[in-house]
Amino acid sequence: MSEPPKLAERLLRFLVGGRDADAVAGDLRETFDTSGAGRLWYWGQALSCLAVRFSLYRRAIPGIGTDFSRALRRIRRNPGYALTAMLCLALALGVNTTLFSFLDSLCFRGLPVAQADRVVQIRRHDLAFSTWPEYFSFRDNLRSVEAAATSLYFDSMEVDRTGFETDVETVSSNYAHVLRLGTALGRWFGREAETAAERPAVISYRLWQTRFAGNAAVLGKSVRVLGGSYRIAGVARPEFSGTVPPFATDAWLPVRPPRLGGGSAYLIGRMAPGASIAGVTAEMRVLTAGLRAAHPGEEILAAPAVVRRYAGIVADERHSPFFPMVTLLGAVSGMVLLIACVNVANLLLSRAAVRQREIAIRQSLGASRARLFRETLAEGLVLAAGGVLLGVFFGSGTGRALELALPSIPDPIWHGLRLGIDWRVALFLAGAGMVCALLFSLPPALANRERTLGPSMKGQAARHFRQREIFSVAQVALSLTLLIATGLLLRAADRARHLDPGFAYDHRLFVNLWAHGKDANALVFPELKQRAREIPGVQDATLAWEVFPASGAGCAAATRQTEKKQVRANIVDPNYFDFLRIPIVKGHGFLAPSPGAPQAIVNQSLAQDLWPGEDPLGKTIWMGGCYIGGAADKGATVVGVARDAKYDAVNEEQQLLYYTSREEDPGNGYFSLLIRTAGDPRQWTRSLLELVQRDGRDLRIYDVDTMENSVARSLWEVKWQASLLAALGLLAIVLAAIGVYGVVACSVAQRTREIGVRMALGALPLDVQWMVLAHGLRITAIGIALGLPLSAAAVRLLRGFLYGLSPFDPVAFSAASLAWIAIAMLASWYPARRATRVDPMTALNYE
Amino acid sequence: MRQAYLGEFEQIVLLAILRLGDKAYGVPIRAEIENRAGRKVTVGALYATLDRLEAKGMVHSWFADATAQRGGRSKRYFKLLPAAQEALSGSKAVFERMWEGLHV
């Protein structure tokens, strides 16, 4: 008689599962044997079991309940070990949760509005798509997308004669309609705002709470901002903080067409039903072609339109300054999680070691390997579930702690970050928990597999022990790597804190201004500077086109014929160098202008670059002419060389830069007024603003801040990274120390009998203590030996964060290794002490 | 209470189990359906239906001890629960009322 096909039977077992599969296979076998149906028939029948597999009413895998109830019972019997495992996991998961929420709001999260997946941003690379007049010309003709326009301003808002700094979005009147926004109070403005006599404004929930104490009487209040008067019509929902993250918008103001000379407008749109990203892109391309024809020579229009789904802050922008940091954080938190998993696997292994007799007996009574594996997995899942629950608890805690502990994050920037736990984060957490459960169920299950019954039943097995030691070594190596990386970053942060920007920034306040018309430079600004000097307590004042952090660019070359290179540029008052204590190392500062003899001052690096080995004084520098629509090609005589300084960031590479005199160069309407004060410069903010508002009637005010703040802001990233990594490194060490402790303690427990015999034969307590301690140190030594090359390979990735510190900094490497040895001694000390307390009689009766 | 609805195939399976009494396991159930209703049924379709009926509380199943026959595999036996009797007679009554006075 022929046998049914084995493979088909296996398929059947896979599809049906458990004892049910046994019954079905039996039925088929019976029919197969009696009716003599062919193998093909058998295959067809086996395949038909797909119906059973995917039935909604499929019976649960038989016995799964038992697995879990057994796992729970085991955990109840040894709550200490279960709690340790869950805590290890929860700590790692909690931190990972926080980091994930951070990454999520940076990279993935959409706007908190209805159907957020239909919302797109339309830009030209990273630039604004159009200007306001252009926007008003095309907005009603779009088919594939409803588009709203928005611009962001920083300005002080004045309510009841008090002013405070705000981030303001000026938006098209359809903004709320496009985004389907609701309010917490009052209502959003619509198209009627374009013609209404009184302009409405909507303020953020945060502003409402912090400035108006959540008072409903805020509606109808009049506010002054961006040089105009508005009446508050509504308060936005708490979760909505604007469309220009990471900035959090405080107020939204409607823009009236045509808004001439109003600068660039960022587009945010909602795709029409049935429209796709590709469709919108195509329409924007056609639109751009039309705009190019209407505005020939407009540089911004050369870049192609980019349409993408609105998500996160850095989505798709790989060159974003956040990107390296994001990668680093991801890698580090993954490592912490891995250490935690190894830890729990270690714990499970030691449990398995304790249970080996029970397991061996069950195996010899016919329990299958699959069954034992399922039990370990069930135990892992229960532990992981506990870890996830605790992790959520820790996660919300660490999120808050992180928000508090992160130093010097510039206020406006991170209000947009949300570190709370939402469904994505919960999903991530659950997923991570599942993966952990699998990861740490595997080693004990594999250990089960290789067991030979004889020695196990007698209660001796050395295998686990090896395996657990290997795990501990891995933990030590991994956490050493983290420790070294943390040490490096802390040292780098310390270094960065002492970086010299090359100019004096204490007691200095600046206000960024813009005046309409080319003659403003000659008329408005010198007048303002003079008045500022007259404010009581102001020691000096100056004007500059750009203040730190500056991005002003120009072009320069040594001769008219050579191709110009892009450099930095600034337009400054003659007293600027004295004001900021930037020494002129050669030549002199700007003199009073004489017609036909323009002057320029270069920094040391530019002098070296344009005239290497020569004296730059008296040479002609050729500037401008490298931008479409930029300043025309012109020459100037170099009258001085200024010492190098930092211009855009404290940690930047040295930049090339030239200065021209404000008395000769009209600039483009933007100037910053800087004052030096006798005391804390913040006390002069009010008087400076009043001066500017009173005397410069048509000025637009962009930003008021102390120079000290600007410099500190440029360092926050460094400090932030270092403190975050320090926290993670600490966590990794705690986890790894628990690991070493666990291994040593367990080995002591297992060697109780041996230790008892030794003591009975006259071993001194000190000998026994040393034996145990040496075991811990041996693990650590091997871990460090493996960890050092691993670290050397890993820290090379940190090069970009180190500000000139060598990644192989011997201080960081040796300090981390020594710290680890100390930690290992501590972790082994307690088990060692306990070992000597073993009473020989008890030990010999053990088992 | 709303009458539990039974599909045609469910009715056939239930009736087969009822006819077989205490001999109702996979092989005879399929044979019964094949002989009386003239339908070929795959094991997959049958067990999916049986699992569903069990979930609905219509039948109860248990495993008999394995014997030397059929490769030592145990049999899964089925019996009707009171809910199934009620549902079957309900369905029958519905059809009888609908057929009353009709000839096709």
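J.: What should I look at first to understand the overall build of chain B in this one?
T.: The helix and strand tally for chain B stands at four helices and two strands. Element order for chain B, N to C, with α for helix and β for strand: α-α-α-β-β-α.

J.: What's the story with the overall build of chain A in this structure? I'm lost.
T.: Along chain A, the regular secondary structure elements total 27 helices and 22 strands. Burial analysis of chain A (847 residues in total) assigns 42% to the buried set. Across chain A, contacts joining residues at least 24 apart in sequence account for 83% of those joining residues at least 6 apart.

J.: What exactly am I supposed to notice about the environment of Gly-667 of chain A here?
T.: Within the secondary structure, Gly-667 of chain A sits in the loop between strand 20 (657-661) and strand 21 (670-677). The sequence separation of Gly-667 of chain A and Ile-571 of chain A amounts to 96 residues, and the corresponding C-alpha distance is 7.2 Å.

J.: Would you explain the interface of chain B and chain A in this entry?
T.: Interface size, as often reported, equals the accessible area lost upon joining of the parts. Residue-level contacts link 18 residues of chain B with 22 residues of chain A. Mapped onto the side of chain B that touches chain A, the elements with two or more residues apiece are helix 2 (26-37) and helix 3 (43-55) of chain B. Here the side of chain B that touches chain A is built from residues that sort into seven nonpolar, five polar and six charged.

J.: Explanation requested: the nonpolar core in the structure shown.
T.: Taken as a class, soluble globular proteins show a tendency for nonpolar side chains to be buried jointly. All names here are of chain A. In terms of nonpolar packing, the biggest core is built from 96 residues, with Leu-89, Val-336, Ala-340 and Val-344 touching the most fellow members. No other element matches helix 23 (residues 716-750), which puts 17 residues into this core. In terms of domain composition, this core takes at least three residues from each of domain 2 (63-109 + 321-461) and domain 4 (465-499 + 715-847). Not counting chain neighbours up to four residues away, the residues in contact with Leu-89 comprise Ala-340, Val-344, Leu-383, Ala-384, Gly-387, Gly-391 and Cys-436. Ranked by size, the runner-up nonpolar core spans 60 residues in total, among them Val-524, Trp-622, Tyr-659 and Ile-675.

J.: Teacher, can you tell me more about the pairing of strand 19 (residues 634-642) of chain A here?
T.: All names here are of chain A. Where strand 16 (residues 584-587) meets strand 19, three bridges bridge the pair, whose relative direction is antiparallel. Bridge assignment links Lys-586 to a residue of strand 19, and that residue is Val-641. By the bridge criterion, five bridges tie strand 17 (residues 599-603) to strand 19 in an arrangement that is parallel. Among the inter-strand pairings, Ile-601 is bridged to a residue of strand 19, identified as Gly-640. The sheet contact formed by strand 18 (residues 620-623) and strand 19 spans four bridges and is antiparallel. Paired with Ile-621 across the bridge in strand 19 is Ala-636.

J.: What exactly am I supposed to notice about unusual backbone geometry here?
T.: With the exception of glycine, the majority of residues adopt a negative phi angle, and the majority of peptide bonds are in the trans configuration. All names here are of chain A. Cis rather than trans, the peptide bond between Phe-548 and Pro-549 has omega equal to -5 degrees. Position of Pro-549 among the secondary structure elements: in the loop between strand 13 (538-544) and strand 14 (553-557). One non-glycine residue with positive phi stands out, namely Arg-180, at about 55 degrees. Of note, Arg-180 is situated in the loop between helix 8 (175-179) and strand 5 (183-186). One non-glycine residue, His-507, lies in the positive phi region at around 55 degrees.

J.: When you look at the packing of helix 1 (residues 6-16) of chain A against helix 3 (residues 39-48) of chain A in this model, what are you seeing that I'm missing?
T.: Two numbers describe a pair of packed helices, the interaxial angle and the distance between the axes. Residue and element names in this part refer to chain A. Remark: helix 1 packs on helix 3, axes separated minimally by 9 Å, with the N-to-C direction vectors making an angle of 10 degrees. Considering their axes alone, helix 1 and helix 3 lie roughly parallel with respect to each other. For the pair helix 1 and helix 3, the crossing hand works out as left-handed. Note on element contacts: helix 3 touches helix 1 through Tyr-42, Trp-43 and Ala-46, opposite Ala-8, Leu-11 and Leu-12.

J.: Can you help me understand helix 4 (residues 82-99) of chain B in this one?
T.: The α-helix winds at 3.6 residues per turn, so residues separated by three or four positions along the chain end up facing the same way. When the terminal C-alpha atoms of helix 4 of chain B are compared, their 26 Å separation across 18 residues agrees well with the 26 Å that a helix rising 1.5 Å per residue should span. Looking at the residues trailing helix 4 of chain B, positive phi occurs at Gly-101 of chain B, about 75 degrees.

J.: So what exactly am I meant to see when it comes to the confidence of the model for chain B here?
T.: Detailed reading of the predicted coordinates is not advisable wherever pLDDT is low. Mean pLDDT for chain B: 86, with 96% of residues reaching 70 or above. Per the prediction output, this complex has pTM 0.59; the corresponding ipTM is 0.87.

J.: Looking at this model, I keep getting lost on the pairing of strand 15 (residues 565-572) of chain A. Mind explaining?
T.: Taken residue by residue, a regular strand's side chains alternate between the two faces of the sheet. All names here are of chain A. With six of eight residues buried, strand 15 lies mostly within the body of the structure. Where strand 14 meets strand 15, four bridges bridge the pair, whose relative direction is antiparallel. Across the sheet, the residue bridging to Gly-554 is Val-567, located in strand 15. Where strand 15 meets strand 20, five bridges bridge the pair, whose relative direction is parallel. Note on strand 20: the bridge partner recorded for Ile-571 is Thr-660.

J.: It is not clear to me how the environment of Arg-143 of chain A should be interpreted in this structure. Could you clarify?
T.: Residues and elements named next belong to chain A. Along the chain, Arg-143 turns up in the loop between helix 7 (132-138) and strand 3 (145-159). Judged by C-beta crowding, with 10 C-beta atoms within 10 Å, Arg-143 ranks as exposed. In this structure, the C-alpha to C-alpha distance between Arg-143 and Gly-279, residues 136 residues apart in sequence, is 9.7 Å. Residue contacts for Arg-143: discarding those within four places in its chain leaves Ala-272 and Glu-283.

Criteria and cut-off values
Residues numbered from 1 in each chain as written. Chains lettered and ligands numbered in written order. Predicted model: local features only at pLDDT ≥ 70, side-chain atom pairs only at ≥ 80, totals over all residues. Helix = DSSP H or I, 4+ residues; strand = E, 2+ residues; numbered from the N terminus. Buried ≥ 20, exposed ≤ 12 C-beta atoms within 10 Å, placed from the backbone. Contact = placed C-beta atoms within 7 Å. Nonpolar A, V, L, I, M, F, W, Y, C, P; charged D, E, K, R; others polar. Core = buried A, V, L, I, M, F, W, Y, C linked by C-beta atoms within 7 Å. Domains from an automatic or database assignment. Pairing = 2+ DSSP bridges. Axes fitted to C-alpha atoms, helices over the stretch in contact; angles between N-to-C directions. Parallel < 35°, antiparallel > 145°, perpendicular 65-115°, else oblique. Left-handed = near helix turned anticlockwise from the far one by under 90°. Expected span 1.5 Å × (residues − 1). pLDDT = per-residue confidence, 0-100.

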